[in-house]
Amino acid sequence: MNRPGRATAVAHPNIALIKYWGNLDPARRIPSNGSISLTLSGLETRTSVTFRADLPSDRVTIGGQPADPDAAARVIFVLDRVRSLSKTSSRAEVESANSFPTSSGIASSASGFAALACAAAAAAGLDLDAAGLSRLARLGSGSACRSVHGGFVEWIAGTDDVTSYAVPIAPPDHWDLRDVVAIVSRTTKEVGSSEGHRRADTSPLQAARVRQAPLRLETCRRALLDKDFPRLAEIVEQDSDLMHAVMRTSTPPLDYSTPTTAALRVVVPSWRAQGLAAAYTQDAGPHLHVICPVEHAAEVIRRVTAFPGVINVLVAGPGGAPQIVEGDRSG
Ligand code: PMV
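Residues numbered from 1 in each chain as written. Predicted model: local features only at pLDDT ≥ 70, side-chain atom pairs only at ≥ 80, totals over all residues. Heavy atoms only, no water.

**Notes on the overall build of the protein**
Looking only at helices and strands, the protein has nine helices and 16 strands in total. In terms of overall dimensions, the protein is globule-like: its C-alpha atoms have a radius of gyration of 19 Å, near the 20 Å expected for 331 residues. Once the C-alpha set of the protein is aligned to its principal axes, its extents read approximately 65 × 40 × 40 Å. In the protein, buried positions account for 55% of the 331 residues. Relative to all contacts within the protein whose residues are 6 or more apart in sequence, the contacts with residues 24 or more apart total 75%. (Helix = DSSP H or I, 4+ residues; strand = E, 2+ residues; numbered from the N terminus. Rg over C-alpha atoms; globule rule 2.2 N^0.38 Å. Buried < 20%, exposed > 50% of the residue type's maximum accessible area, 1.4 Å probe, protein only. Contact = heavy atoms within 4.5 Å.)

**A look at the pairing of strand S12 (residues 177–183)**
Burial within S12 is extensive, with seven of its seven residues counted as buried. Side chains of S12 alternate between two faces, with Leu177, Asp179, Val181 and Ile183 and Arg178, Val180 and Ala182 buried alike. Where S12 lies against strand S15 (residues 312–316), five bridges are found, and the strand directions are antiparallel. Following the sheet pairing, Asp179 is matched in S15 by Ala316. (Pairing = 2+ DSSP bridges.)

**Description of the sheet that holds strand S6 (residues 45–52)**
Pairing in this open sheet of six strands is mixed, and the strands run S8-S7-S9-S6-S1-S16 from one edge to the other. Each edge of the sheet is formed by a strand with only one pairing partner; in this case those strands are strand S8 (65–66) and strand S16 (323–326). Bridge count between strand S7 (residues 59–62) and S8: two bridges; the pairing is antiparallel. In the strand pairing of S8, Thr61 is matched with Pro66. Across the face of the sheet, helix H1 (residues 69–86) comes into contact with S6, S7 and strand S9 (91–98) while running at roughly 130° to S9. Where helix H2 (residues 109–123) meets the sheet, it contacts strand S1 (6–11), S6, S9 and S16, and its direction lies at approximately 35° from that of S6. (Axes fitted to C-alpha atoms, helices over the stretch in contact; angles between N-to-C directions.)

**Remarks on the sheet that holds strand S2 (residues 14–18)**
In sheet architecture, strand pairing relies on hydrogen bonds along the backbone and comes in two forms, parallel and antiparallel. Taken in spatial order, the four strands make up an open sheet running S2-S5-S10-S11, and their pairing is antiparallel. Unpaired on one side and paired on the other, S2 and strand S11 (165–170) mark the two borders of the sheet. Sheet twist, expressed as the average angle between the axes of neighbouring strands with direction ignored, equals 35°.

**Notes on the environment of Ala121**
Topologically, Ala121 is positioned in helix H2. Given the relative accessible area of 2%, Ala121 is considered buried. Spatially, the C-alpha atom of Ala121 lies 45 Å from that of Ala306, the residues being 185 residues apart in sequence. Ignoring any residue separated from it by four or fewer positions in sequence, one finds Ala121 in contact with Leu126, Leu128, Leu133 and Leu136.

**A short note on the side chain of His149**
Mapped onto the elements, His149 comes out in the loop between helix H3 (130–140) and strand S10 (152–156). One polar contact links the side chain of His149 to the main-chain carbonyl oxygen of Ala166, over a distance of 3.0 Å. (Polar contact = N/O pair within 3.5 Å; in protein donor to acceptor, adjacent residues only side chain to side chain.)

**A word on unusual backbone geometry**
That bond from Thr251 to Pro252 is cis: its omega, -10°, falls within 30 degrees of zero. With respect to the helices and strands, the residue Pro252 is situated in the loop between helix H7 (229–248) and helix H8 (259–273).

**A short note on the packing of aromatic side chains**
Summed over the entire model, instances satisfying the criterion amount to two aromatic pairs. Geometrically, the ring pair formed by Tyr20 and Trp155 is edge-to-face, given 4.7 Å between the ring centres and 65° between the ring planes. Taken as a pair, Tyr20 in the loop between S2 and strand S3 (23–25) and Trp155 in strand S10 lie far apart in primary sequence, 135 residues in all. By the burial criterion, Tyr20 is buried, and Trp155 matches it. (Phe/Tyr/Trp six-rings, centres within 6.5 Å; stacked < 30°, edge-to-face > 60°.)

**Focus on H2**
Given a rise of 1.5 Å per residue, 15 residues ought to cover 21 Å, and the 20 Å separating the end C-alpha atoms of H2 matches this to within 8%. Judged by how many residues are buried, H2 sits mostly within the fold: 14 of 15 residues are covered. (Expected span 1.5 Å × (residues − 1).)

**Thoughts on the packing of H1 against H2**
Here H1 crosses H2 at 30°, and the two axes come no closer than 10 Å. Here H1 is positioned roughly parallel relative to H2, judged by the angle of their axes. H1 and H2 meet at a crossing whose hand is right-handed. In contact with Ala71, Arg74, Val75, Val78, Leu79 and Val82 of H1, H2 contributes Ser109, Phe113, Leu116 and Ala120. When the residues that make up the contact of H1 with H2 are grouped by side-chain class, the tally is eight nonpolar, one polar and one charged. (Parallel < 35°, antiparallel > 145°, perpendicular 65-115°, else oblique. Left-handed = near helix turned anticlockwise from the far one by under 90°. Nonpolar A, V, L, I, M, F, W, Y, C, P; charged D, E, K, R; others polar.)

This is the structure:
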């Protein structure tokens, strides 16, 4: 058994440009299709893991409060994998805190489980490469496997636990894009993404969406590498629309939009037609992410802020990979 240790990691959330929706294997979160994202700066989760031989069970707090049973079970699933890889039996104390409120509408599961994977592996003395950290983060939240890299990232869907992990496409400084997030609601979401993924295959549209994903991934990857914004805008909006069409046609149906989300989705392409480089994308929540090159950010922020129904606006740029900020097996 390894000597118990402690480590703290900081990781960032990401915004999916090509979406992950639906699983081949829900337990291990092996996705039905690959996805592409941009890791976001500014927002972060800081997670400390301490393995202690004297603990009777794992203890998990988020923002100083005991984690709810679902979140705790997901954390323990990740810790169990770390224990099995490091031949450790010690239970762990996990303390996690986000720099952004959950009510901000930015999913904290990606940054949370990426930080957990990095901190737990370091605390257990495991020397995992990026693919190993990505697989570990994926067990807690699919999108978290992309947050183990900075910049532009692709999750290779794979077919099992070994082949499903994220790889970098380009570093954060490749293209200075902004994600201008229009916050349109203060209520937290009723149906979480795990339940949403379970419903995906009940939609008759999901098979077509999954079948054509490789083509959308290729188009998005090319547009990113070529910094071709018009091409990126088209594929990002189409992919978001396809995911929300699957949601709305699932049983039972899912619709995360408010009237403000829907109105903004109409107006953003019309701004583009007028020459403003901006494209929308929407995750499993009501807030609309407006992606734009930095040169257009001031005008996009101005228009999104002034849009009726928008409560406030968050702005993020390309962010880096997780960092270990404290300790490793200080035991
Ligand atoms: O990782 P999860 O289970 O929170 O799912 C994320 C799903 C979306 O945010 C809607 C899309 C994505 O690829 O991030």
